[in-house]
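The residues making up each chain are set out below.
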Amino acid sequence: MSIENRINLQIDDTKKTAINTNLSGLKTELSPILIALPANQKKALPKIGEHYMDFVERAVEGADKNPMLVPPYINLDEVKVDMEAWKLLHSIERDLERLVSLLDDTATLSGSEAYSSMLSFYNFLKQAAKDGVPNAKPLYDNLKQYFPGTGNKSNTQNTEEE
């Protein structure tokens, strides 16, 4: 029996350095312009998506053509700045969301394969320790701490074999 290996990702030091440098650069560029909102304040704000940005753009066009209809408390220049900022930030956010999703999938698969393989090893080691194979028991005893509840045989068996 063989465990399927769907990923074998090795990232060399040059690539790691490049990734970290680029992430650092992104943080350096974005940190001074980003704002952290408290959850309750963020929840209370009206939200905008691409559909509503179309509304904002059309309303700004209409306001530009009819300045006499714009209330004095609305600064159209500031609205335009906010609108352009949203477009840029939303575009960056979408790109990062796609990247984070791919990172999550890749990390999940890598971790799953490592965990599944070592879980098989652990179960093999458990049997080897029961059978008195030299050096198996100390290693098994060291690893079994990750599967608490050894007093409940069915719970331990399910956890260890998952």
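*Asks:* Tell me what's going on with the side chain of E113, and back it up with residues and numbers.
*Replies:* Along the chain, the position of E113 falls in helix α4 (residues 76–130). Buried charged residue E113 carries no salt bridge. Nearest counter-charge: R6, at 5.2 Å. If sequence neighbours within four positions are ignored, E113 has contacts with E4, N5, R6 and I7.

*Asks:* Quick rundown of the packing of helix α3 (residues 50–65) against α4? Include the residues and the values.
*Replies:* Where α3 contacts α4, the axes come no closer than 11 Å and their chain directions differ by 155°. For the element pair α3 / α4, the angle class is roughly antiparallel. Classified by chirality, the crossing of α4 by α3 is left-handed. Where α3 approaches α4, its residues E50, M53, V56, E57, V60, A63 and D64 are matched on the opposing element by L76, V79, K80, M83, W86, K87, H90 and R94. Residue composition of the contact of α3 with α4, by class: eight nonpolar, one polar and six charged.

*Asks:* Mind laying out the pattern of salt bridges, listing which residues take part and the relevant values?
*Replies:* Counted by the stated rule, this structure contains nine salt bridges. Where R58 meets D54, a salt bridge forms, and the shortest distance between an N and an O atom there is 3.3 Å. Taken together, the residues R58 and D54, both in helix α3 and four residues apart, mark about one turn of the helix. Among the residues examined, R58 registers a relative accessible area of 58% and is labelled exposed. Of the residues examined, D54 reaches a relative accessible area of 35% and is grouped as partly exposed. Within this structure, E57, E84 and K87 form a network of salt bridges that share partners.

Conventions and cut-offs
- Residues numbered from 1 in each chain as written.
- Predicted model: local features only at pLDDT ≥ 70, side-chain atom pairs only at ≥ 80, totals over all residues.
- Heavy atoms only, no water.
- Helix = DSSP H or I, 4+ residues; strand = E, 2+ residues; numbered from the N terminus.
- Buried < 20%, exposed > 50% of the residue type's maximum accessible area, 1.4 Å probe, protein only.
- Lys, Arg positive; Asp, Glu negative; His and termini not counted.
- Salt bridge = Lys/Arg side-chain N within 4 Å of Asp/Glu carboxyl O.
- Contact = heavy atoms within 4.5 Å.
- Axes fitted to C-alpha atoms, helices over the stretch in contact; angles between N-to-C directions.
- Parallel < 35°, antiparallel > 145°, perpendicular 65-115°, else oblique.
- Left-handed = near helix turned anticlockwise from the far one by under 90°.
- Nonpolar A, V, L, I, M, F, W, Y, C, P; charged D, E, K, R; others polar.

The quantities given are spatial measurements derived from coordinates; they are silent on function.
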